Amino acid sequence: MTISYSDKFVKLLFRWKGSLWKAIWGHLLLYLTLYYSINVVYRFFMTEEQQRTFQKYITLCDSWTKEIPLTFLLGFYVAMIVRRWWDCCQLISWPDSLLFNVSALVRGTDQETRIIRRTIARYAMLASVLAWRSISLRVLKRYPTDEHLITSGLVTREELALFKKIDVKIDPHQKWFVPINWIQTMMLRCFEKGTLSHTNELRVLLDNLDQFRSNFFRLFIYDWISIPLVYTQVSTISVYGYFLFTLIGQQFPSVNLYNQKVDIYVPIFSILQFLFYVGWLKVGEDLMFPFGADDEDFEFNYILDRNLEIAFLIVDQLHNQVPSVYVESLSDDVKLLHTEGSARLVSHPQRQHLRKYRMKTEDMKLHVEPHLPNKKYGISFSDVEANHILEKPLKEDTAEKRERREIMNRSIRRKDNLTSRRPSGQPPKAFE
């Protein structure tokens, strides 16, 4: 697993396990050996004319190194691998959620029910070993044969005989799902027997079992499908090609842009570049396959030991266990205390970003809508009707006046059909 560290910066520079120095010391030693071999030949075995000619090649190779987009290529490559590595870490199957639900729903302290819960826990661990030993070097070395499974107690000889009868022709090693199928059958039989009292309980257990199985399968996908080889080759060739040119392009003594001769015996900047770029590449190479036995690979052996202990603890010892409820009085308060060391630590409580915002007094006044003319009895007219009525006042009771009065009465009756009460509590009267 990834090496844990919490030292100060200076101490971190001298850590060896899981460090940059352990990853690239061999490459750096080879690079410096080639560099100084060329440098010795350049200084002591070339004539002045040959040295002037060689300085032209130094300038040429140094200009070529600037044409390689090394940062761009390595940035995308390593970012993709780190994201893939973290996804694999998230897909490690932990049986806790499944077994907590088994302990809660498969209730009972009789011997038969206890055996059912413990068998489900054992099958979950058996599925983990069968799945992980096909991708993890650590687990494969721990359980290389089926006899090791029998010796450890993860499977009986009768179960192993039944397991071997199952014929998988495409990939005979991918039978890790069989114990999960046994768990599913046991859950169904618990429901048929009445140990599980409702279909919702069975549904919860099956959903947790499916999630437990799904993580194994998705982890196999990551192990099966690697990052495209062409992408890896481009990144590797660009890094080593770059430093191949620097073996000549960063030799000293050399001539700078002002035709001045510069001589440095230790190529400090070249060494720093090598640490940065080759170290960056080694990060990608180490994290690409996290199922081996290196410092940065997953500790599946620890995970198996931890899961086995927790699994049987959940389904057996902790089943139906709870402390007795005892309170002296309802006024007893729970207080969180500080030690002297804790009290001296600086706390940073949550603070909302608008906590200091203050509104102006005029902005807090209630907004009043502008006064609108009241409509008598809540009558509303269409634009055509209103224009027709208000076109001009009439003094005589003509046929046109009667027609307008009839339009007003129709509007009132239509309004009555839409509402049962008026603001005044009285029905509107028709125009006379």
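Quick caveat, the model's predicted, so the values are computed rather than measured.

**A few points about the overall build of the protein**
The secondary structure content of the protein amounts to 17 helices and 2 strands. Restricting the contact set of the protein to residue pairs at least 6 apart, pairs at least 24 apart contribute 72%. Accessible surface, the protein: about 30,200 Å² in total, of which carbon and sulfur atoms supply 59%.

**Let's talk about unusual backbone geometry**
Phi at Asn320 is positive, roughly 60°, even though this residue is not glycine. With respect to the helices and strands, the residue Asn320 is situated in the loop between α14 (300-317) and α15 (340-343).

**What to know about the side chain of His319**
Note that His319 resides in the loop between α14 and α15. Residue His319 is classed as buried on the basis of its relative accessible area of 10%. A polar contact of 2.9 Å, which involves the side chain of His319, links it to the backbone oxygen of Ser103. In contact with His319, other than residues within four places in its own chain, are Ser103, Val106, Arg107, Gly108, Thr109, Arg117 and Ile314.

**Some details on the UniProt feature "transmembrane region" (unreviewed entry) in the protein**
When the UniProt feature table is mapped onto this chain numbering, "transmembrane region" (unreviewed entry) sits at residues 20-42, 221-244 and 264-281. Structurally, residues 20-42 is divided into 100% helix and 0% strand, and its ends, taken at the C-alpha atoms, are 31 Å apart. Along residues 221-244, the helical share is 83% and the strand share 0%, with 36 Å between the first and last C-alpha atoms.

**Quick look at helix α5 (residues 96-105)**
Those residues of α5 that fall on the buried side of the exposure criterion are Asp96, Leu98, Leu99, Val102, Ser103 and Leu105. Tucked inside the fold, the buried residues of α5 contact α6 (111-132), α10 (178-193), α11 (199-224) and α14.

**Some remarks on the packing of α6 against α11**
Two elements in contact, α6 and α11, have axes separated by 11 Å at closest approach and are oriented at 5°. Classified by the angle their axes make, α6 and α11 are roughly parallel. Facing Ala124, Ala127, Ser128, Ala131 and Trp132 of α6, the residues of α11 in contact are Phe212, Phe216, Leu219 and Phe220.

**Here's the deal with the environment of Ile271**
Looking at the element boundaries, Ile271 is found in helix α13 (residues 268-288). Placed 240 residues apart in sequence, Ile271 and Tyr31 show a C-alpha to C-alpha distance of 9.1 Å.

**Section: helix α12 (residues 229-249)**
For α12, which comprises 21 residues, the first-to-last C-alpha distance of 29 Å matches the rise-based estimate of 30 Å (1.5 Å per residue) to within 8%. Every buried residue belonging to α12 is among Thr232, Ser235, Ser238, Val239, Gly241, Tyr242, Phe243, Thr246, Leu247 and Gly249, and all of these are buried. Contact partners of the buried residues in α12: α2 (20-44), α3 (48-65), α4 (70-90) and α13.

**Some points on the packing of aromatic side chains**
Under the counting rule described, the total for this entry stands at 25 aromatic pairs. For the ring pair Trp85 and Trp86, a centre distance of 6.3 Å and an interplane angle of 40° mean the geometry is tilted. Note on Trp85: relative accessible area 13%, which makes it buried. Here Trp176 and Phe177 contribute two aromatic rings whose centre-to-centre distance is 6.3 Å and whose plane-to-plane angle is 85°, an arrangement assigned as edge-to-face.

**Quick word on a nonpolar patch on the surface**
On the surface, Tyr36, Tyr265, Val266, Ile268, Leu272 and Phe276 cluster together into a nonpolar patch covering about 620 Å² of accessible area. Per element, the largest residue contribution to the nonpolar patch is 3 residues, and it comes from α13. Locating Tyr36 in the fold gives a position in helix α2. With relative accessibility at 32%, the residue Tyr36 sits in the partly exposed group.

**A short note on the pattern of salt bridges**
As enumerated under the stated definition, the model contains 15 salt bridges in all. One salt bridge connects Glu159 with Arg122, and the closest N-O pair in it is separated by 2.9 Å. With Glu159 in helix α9 (residues 157-165) and Arg122 in helix α6, the pair connects residues that are 37 residues apart, well separated along the chain. Neither Glu159 nor Arg122 differs from the other in exposure class; each is buried. Between Asp207 and Arg203 there is a salt bridge, with its nearest N and O atoms 3.1 Å apart. Here Arg203 and Asp207 lie together in helix α11, a separation of 4 residues that amounts to about one turn. The network of salt bridges with common partners includes Arg114, Arg118 and Asp316.

**Examining the state of the cysteines**
Counted according to the given criterion, the structure contains 0 disulfides. For the unlinked cysteine Cys89, the closest cysteine sulfur is that of Cys88, found at 8.8 Å.

**Considerations on the packing of α5 against α6**
When two helices pack together, their arrangement is given by the angle between the helix axes and by the axis-to-axis distance. Between α5 and α6, whose axes approach to 10 Å, the crossing angle comes to 170°. Considering the angle they form, α5 stands roughly antiparallel to α6. Between α5 and α6, the residues in contact are Leu99, Val102 and Ser103 and Arg117, Ile120 and Ala121, respectively. Looking at the contact of α5 with α6 residue by residue, the classes come out as 4 nonpolar, 1 polar and 1 charged.

Conventions used here
Residues numbered from 1 in each chain as written. Predicted model: local features only at pLDDT ≥ 70, side-chain atom pairs only at ≥ 80, totals over all residues. Heavy atoms only, no water. Helix = DSSP H or I, 4+ residues; strand = E, 2+ residues; numbered from the N terminus. Contact = heavy atoms within 4.5 Å. Areas by Shrake-Rupley, 256 points an atom, 1.4 Å probe, with all protein chains shown as cover. Buried < 20%, exposed > 50% of the residue type's maximum accessible area, 1.4 Å probe, protein only. Polar contact = N/O pair within 3.5 Å; in protein donor to acceptor, adjacent residues only side chain to side chain. UniProt positions renumbered as here; feature names shortened; annotations may be inferred. Axes fitted to C-alpha atoms, helices over the stretch in contact; angles between N-to-C directions. Parallel < 35°, antiparallel > 145°, perpendicular 65-115°, else oblique. Expected span 1.5 Å × (residues − 1). Phe/Tyr/Trp six-rings, centres within 6.5 Å; stacked < 30°, edge-to-face > 60°. Patch = residues over 30% accessible without salt bridge, like charges linked within 9 Å, V, L, I, M, F, W, Y side chains within 5 Å. Salt bridge = Lys/Arg side-chain N within 4 Å of Asp/Glu carboxyl O. Disulfide = S-S within 2.5 Å. Nonpolar A, V, L, I, M, F, W, Y, C, P; charged D, E, K, R; others polar.

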